[in-house]
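Residues per chain, in single letters:
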Amino acid sequence: TDHQADAGKLLVVSSGDQVARYLRGKSVANEDTGRPGLYIMPGNGTLATVERMLRSELDIDPNALHDAAELLREAGQNFDYLIIDTAKKGELQHAAVLAADVLVIPTMLDLASASNTVTMVRLARNLMREAGRIVILPVGLDGRRRSIQRQVITQLMGVADNEPGAPIRIYADGIPQCAAIQNAGMARKTIWEFDPSSEAAKAYDGFMCWLTEADNG
């Protein structure tokens, strides 16, 4: 599901209100992206209305968030993996976290981003099911800033090791700072379509292998 329509723009799929309609209990069809086995449920600005409705329902029915989470889980029943791309905050983000088996948090390794990630981790640990787990994905790694990056990782590991809740893993290899990532987005291609030999493509390959091996192990 593509709540913010970012993936749809990248994959050259028109935005739509499918996510909003689905969360209101209506039948929708996923869009074919033209990539084998990859489909998308587009979202757009109408989700703001759904979020306001969900916020109002929570005042009346405390289970409304769980109901929305269950709908999101059902959306992935016929797929090997369901990826939910959410906004940075809000009730729909909370529903997605509640639904998730794995929460991936991309994180710039600077002190401000680390503070935001710690806040997100604590929220997620309150929301996630007992079997859920959290993965922190360092992005934009820059060899010139190794000292700060090590400091941030130490801070994040402290939260992972010393506070209760869902287990946390940090993908230490991370994703390097790479012009190919920005250029791929501008070209409306995935990094693998744009430059499969780039360091970024190799890094994302490594991350996906690591994530799916952990998932299957």
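Residues numbered from 1 in each chain as written. Predicted model: local features only at pLDDT ≥ 70, side-chain atom pairs only at ≥ 80, totals over all residues. Heavy atoms only, no water.

So, the overall build of the chain
Selection rule: Segments assigned H or I by DSSP are reported as helices when at least four residues long, segments assigned E as strands when at least two residues long, and all are numbered from the N terminus. Here the term buried applies to any residue with accessible area under 20% of the maximum for its type, exposed to any over 50%, and partly exposed to those in between, with areas from a 1.4 Å probe on protein chains only. Whether two residues are in contact is decided by their heavy atoms: any pair within 4.5 Å suffices. Methods summary: accessible areas were calculated by the Shrake-Rupley approach with a probe of 1.4 Å, and residue burial reflects only the protein chains presented.
When helices and strands are counted, the chain shows 10 helices and 5 strands. Buried positions account for 41% of the 217 residues belonging to the chain. Partitioning the contacts of the chain with sequence separation of at least 6, the portion at a separation of at least 24 is 71%. Summed over its atoms, the accessible surface of the chain is roughly 12,400 Å², and 51% of this surface lies on carbon and sulfur atoms.

A few points about a negative patch on the surface
The criterion, for reference: For patch building, the residue pool is restricted to those with more than 30% relative accessible area and no salt bridge; the joining distance is 9 Å between like charges and 5 Å between nonpolar side chains (Val, Leu, Ile, Met, Phe, Trp, Tyr). A carboxyl oxygen of Asp or Glu within 4 Å of a side-chain nitrogen of Lys or Arg is what we treat as a salt bridge. Neither His nor the chain ends contribute to the count of charged residues, in which Lys and Arg are positive and Asp and Glu negative. Working definition for charges: the position is that of NZ of Lys, CZ of Arg, CG of Asp or CD of Glu.
Taken together, the side chains of E57, D61, D67, E70 and E74 define an acidic patch exposed on the protein surface. At 3 residues, helix α4 (residues 64–75) tops the list of elements feeding residues into the negative patch. D61 sits in the partly exposed class, given a relative accessible area of 31%.

A short note on the pairing of strand β3 (residues 102–108)
In plain terms, the rule: We call a crossover right-handed when, viewed with both strands directed away from the observer, the connection leading from the first strand over the helix to the second proceeds clockwise.
A one-sided burial pattern is seen for β3, the buried positions being L103, I105 and T107 and the unburied ones V102, V104, P106 and M108. Since β3 and strand β4 (residues 133–139) lie parallel, the crossover through helix α6 (residues 111–127) that links them has a hand, and here it is right-handed.

Section: the packing of aromatic side chains
The way to describe two aromatic rings as a pair is by their centre distance and the angle between their planes. Using the following cut-off: Only centres within 6.5 Å qualify two rings of Phe, Tyr or Trp (six-membered ring in Trp) as a pair; their planes then separate them into stacked at under 30 degrees, edge-to-face at over 60, and tilted for everything else.
Across all of its chains, the model carries 5 aromatic pairs by this definition. Aromatic side chains Y39 and F79 sit 6.2 Å apart centroid to centroid with 55 degrees between the ring planes, which places their arrangement in the tilted category. Note that Y39 is positioned in strand β2 (residues 39–40) and F79 in the loop between α4 and α5 (91–99), a separation of 40 residues in sequence. For Y39, a relative accessible area of 43% puts it in the partly exposed group. By relative accessible area, which is 31% here, F79 ends up partly exposed. Ring geometry for W192 versus Y204: centroids 6.2 Å apart, planes at 65 degrees, classification edge-to-face. Of this pair, W192 sits in helix α9 (residues 191–194) while Y204 sits in helix α10 (residues 199–216), and the two are 12 residues apart along the sequence. W192 sits in the partly exposed class, given a relative accessible area of 36%. Here a set of aromatic residues connected by ring pairs shows up, and it is made of Y171, F207 and W210.

Quick look at α6
Applied cut-off: To estimate how far a helix should extend, the number of its residues minus one is multiplied by 1.5 Å. Two N or O atoms count as a polar contact when they lie within 3.5 Å, although within protein this holds only if one can serve as hydrogen donor and the other as acceptor, and sequence-adjacent residues are included solely when both atoms are side-chain atoms.
With 17 residues, α6 should reach 24 Å at 1.5 Å per residue; the first-to-last C-alpha distance of 25 Å fits that figure. Three or more residues of α6 are buried, namely S113, A114, T117, V118, M120, V121, A124, R125 and L127. The secondary structure elements touched by the buried residues of α6 are α4, α5, β3, β4, α7 (146–162) and β5 (168–170). The opening residue of α6 is D110, an N-cap whose side-chain oxygen sits 3.3 Å from the backbone nitrogen of A112.

A look at the pairing of β4
Put simply, the test is: Two strands pair under a simple rule: DSSP has to find at least two bridges between them.
Within β4, 7 of the 7 residues are buried, which leaves the element mostly enclosed by the surrounding structure. Residues of β4 alternate between two faces, with R133, V135, L137 and V139 on one and I134, I136 and P138 on the opposite face, all of them buried. Here 7 bridges tie β3 to β4, and the two strands are oriented parallel to one another. Paired with P106 across the strands is L137, a residue of β4. Note that β4 and β5 share 3 bridges and pair parallel. Each bridged residue has a counterpart across the sheet, and for I136 the counterpart in β5 is I170. In terms of handedness, the path from β4 via α7 over to β5 forms a crossover that is right-handed.

Brief notes about the pattern of salt bridges
All chains considered together, the criterion is met by 4 salt bridges. A salt bridge links D101 to R73, with the shortest nitrogen-to-oxygen separation between them at 3.4 Å. On the criterion of sequence distance, the pair formed by D101 in the loop between α5 and β3 and R73 in helix α4 is long-range, its members being 28 residues apart. For K202, the salt bridge is made with E199, and the minimal N-O distance between the two is 3.9 Å. A residue pair is termed a helical-turn pair when its members lie 3 or 4 positions apart in one helix, as K202 and E199 do in helix α10 at 3 residues.

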